[in-house]
Amino acid sequence: MIVIEKILSDEDVSLFRQQLADVPWIDGRQTAMGMAASVKNNNQADASHDVVRQLANKLLAQIGNTPKVVSAALPHKIFPPCFNRYSESEEYGYHVDAAVMRIPDSNDVLRSDMSMTTFLSEPDEYAGGELIISTEFGEQQIKLPAGYAVLYPSSSLHKVTAVTRGERVAAITWMQSMVADTSLRQNLYQLDQTIQRLIKQGNTERKELDELHNVYHNLIRQFTQL
Ligand SMILES: O=C(O)CCC(=O)C(=O)O
Ligand SMILES: [Fe+2]
């Protein structure tokens, strides 16, 4: 589970919130598959609406421009972000995201390796509405400031607890990674982050940095599936 600080600026968050207030919203059950549909109770911005598409594209561009997301997810394909809203007493029970998704308006499919929630409501605007991810170390509770995102393996069981006051608006997307294996992807992320830290610290010789970089890219070459 990786937290991305400020994938959207405060200005972007207000723009998203303003524009989303005026678009049509549909019952979220329509977009859940199989068992997930029976535990889903929320609303989703109509993805066929032009404004919704524009916002999805804007967030998509931000994902590509955020080095931490690229490093952690190594995205090969990204599902156009969906916007969901949980009002009082709405929730999404424990579920797993579908392993394979058809990308709208294309003949392409995507294997979901990483899921990402981008928070668009401030934590004090609603009560409840925590994203809970079940991990091998127990349940992780996540509620982040607006503009922050969390990336987690799509293979994990997760839920959104009932909102008991106010409204929780978020963007959700799924990514197919160039590296399917979660633990390998996590190791590559750690290696890249360490290299980036060494570069920042500025006291590692160029030659050693080049060697580490070379190892990183050779591992990507070795394990990439496109
Ligand atoms: O809203 C969230 O944080 C997650 C929603 C979710 O799990 C889903 O839409 O599949
Ligand atoms: Fe989910």
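Residues numbered from 1 in each chain as written. Chains lettered and ligands numbered in written order. Predicted model: local features only at pLDDT ≥ 70, side-chain atom pairs only at ≥ 80, totals over all residues. Heavy atoms only, no water.

Our focus in this paragraph is the overall build of the chain. Helix and strand content of the chain: five helices and 17 strands. On C-alpha atoms alone, the chain measures out to a radius of gyration of 18 Å, which is about the 17 Å that the 2.2 N^0.38 rule sets for 226 residues. Overall size of the chain, expressed as C-alpha extent along the three principal axes, is 55 × 40 × 35 Å. Residues classed as buried in the chain amount to 42% of the 226 residues present. In the chain, the share of contacts with a sequence separation of at least 24, taken over all contacts with a separation of at least 6, comes to 76%. (Helix = DSSP H or I, 4+ residues; strand = E, 2+ residues; numbered from the N terminus. Rg over C-alpha atoms; globule rule 2.2 N^0.38 Å. Buried < 20%, exposed > 50% of the residue type's maximum accessible area, 1.4 Å probe, protein only. Contact = heavy atoms within 4.5 Å.)

Turning to the layout of surface pockets, a few remarks are in order. Unfilled space is identified by rolling a water-sized probe across the atoms. The computed volume of the largest pocket comes to approximately 920 Å³. Contributing to the lining of the largest pocket are 44 residues, with Thr31, Gln44, Phe79, Cys82 and Trp174 lying nearest its centre. Within the residue set of the lining of the largest pocket, elements represented by two or more residues are strand E4 (43-45), helix H2 (50-64), strand E6 (82-86), strand E7 (91-95), strand E8 (100-102), strand E15 (158-160) and strand E17 (168-177). The dominant element in the lining of the largest pocket, judged by the number of residues it contributes, is H2, at four residues. (1 Å grid on protein atoms, 1.4 Å probe; cavity = no way out; pocket = protein on both sides within 12 Å on 5 of 7 lines; lining within 4 Å. Points joined across faces, edges and corners; volume = space filled by probe spheres on them.)

Looking now at the packing of aromatic side chains. Counted by the stated rule, this structure contains two aromatic pairs. With 6.0 Å between their ring centres and 55° between their planes, phenylalanine 16 and phenylalanine 83 make a pair best called tilted. Taken together, the positions of phenylalanine 16 in helix H1 (residues 10-20) and phenylalanine 83 in strand E6 put the pair 67 residues apart, joining distant regions of the chain. Accessibility classification places phenylalanine 16 together with phenylalanine 83 in one group, the buried group. Taking the centre distance of 5.5 Å and the plane angle of 85° together, the rings of phenylalanine 79 and tryptophan 174 count as edge-to-face. Of the two residues, phenylalanine 79 is situated in the loop between strand E5 (75-78) and E6 and tryptophan 174 in strand E17; the sequence distance between them amounts to 95 residues. (Phe/Tyr/Trp six-rings, centres within 6.5 Å; stacked < 30°, edge-to-face > 60°.)

Per the UniProt entry, the sites bearing "binding site: Fe cation" (unreviewed entry) are His95, Asp97 and His158 in this numbering. The greatest C-alpha distance among the annotated residues, which extend across 64 residues, is 8.7 Å, indicating that they converge on a single site. Lining the largest pocket, from the set of annotated residues above, are His95, Asp97 and His158. Along the chain, aspartate 97 turns up in the loop between E7 and E8. Judged by its relative accessible area of 13%, aspartate 97 falls in the buried class. Setting aside residues up to four positions removed in sequence, aspartate 97 forms contacts with Ser112, Ser115, Ser154, His158 and Trp174. Relative to the helices and strands, histidine 158 is located in strand E15. Each residue touching histidine 158, except ones within four places of it in the same chain, is listed here: Gly93, Tyr94, His95, Asp97, Leu131, Ile132, Ile133 and Tyr152. Within the structure, the side chain of histidine 158 is placed 3.2 Å from the side chain of aspartate 97, a separation counted as a polar contact. (UniProt positions renumbered as here; feature names shortened; annotations may be inferred. Polar contact = N/O pair within 3.5 Å; in protein donor to acceptor, adjacent residues only side chain to side chain.)

Around the iron ion (ligand 2), the protein contributes the donor atoms His95 (NE2), Asp97 (OD) and His158 (NE2), which lie 2.1 to 2.2 Å from the metal centre. Positions of the donor residues of the iron ion (ligand 2), expressed as sequence spacing, correspond to H-x1-D-x60-H. Here aspartate 97 is found in the loop between E7 and E8, whereas its partner histidine 158 is found in strand E15, with 61 residues between them in sequence. Overall, the relative accessible area of 3% leaves histidine 158 in the buried class. (Donors = N, O, S within 2.8 Å, 3.2 Å for Na, K, Ca; no water.)

Neighbouring ligand 1 are 13 residues, the closest being His95, Asp97, Thr117, His158 and Arg168. The side chain of histidine 95 places a nitrogen or oxygen atom 3.1 Å from an oxygen atom of ligand 1. When the free accessible area of ligand 1 is taken as 300 Å², the share hidden by the protein chains comes to 97%. For ligand 1, the cavity whose grid points lie within 2 Å of the majority of its atoms is the largest pocket. (Near = heavy atom within 4 Å. Areas by Shrake-Rupley, 256 points an atom, 1.4 Å probe, with all protein chains shown as cover. Sits in = over half its atoms within 2 Å of the grid points.)

Turning to the confidence of the model for the chain, a few remarks are in order. Of the residues in the chain, 100% have a pLDDT of 70 or more, and the chain-wide mean is 95. Both scores are available for the predicted complex, with the pTM at 0.95 and the ipTM at 0.98. (pLDDT = per-residue confidence, 0-100.)

At a minimum axis distance of 10 Å, the contact between helix H4 (residues 182-201) and helix H5 (residues 206-223) shows a crossing angle of 160°. Taken together, the axes of H4 and H5 lie roughly antiparallel to each other. Regarding H4 and H5, the two cross each other, and that crossing is left-handed. In this structure, H4 contributes Leu184, Leu188, Leu191, Asp192, Ile195, Leu198 and Ile199 to the contact, and H5 contributes Leu209, Leu212, His213, Val215, Tyr216, Leu219, Ile220 and Phe223. (Axes fitted to C-alpha atoms, helices over the stretch in contact; angles between N-to-C directions. Parallel < 35°, antiparallel > 145°, perpendicular 65-115°, else oblique. Left-handed = near helix turned anticlockwise from the far one by under 90°.)

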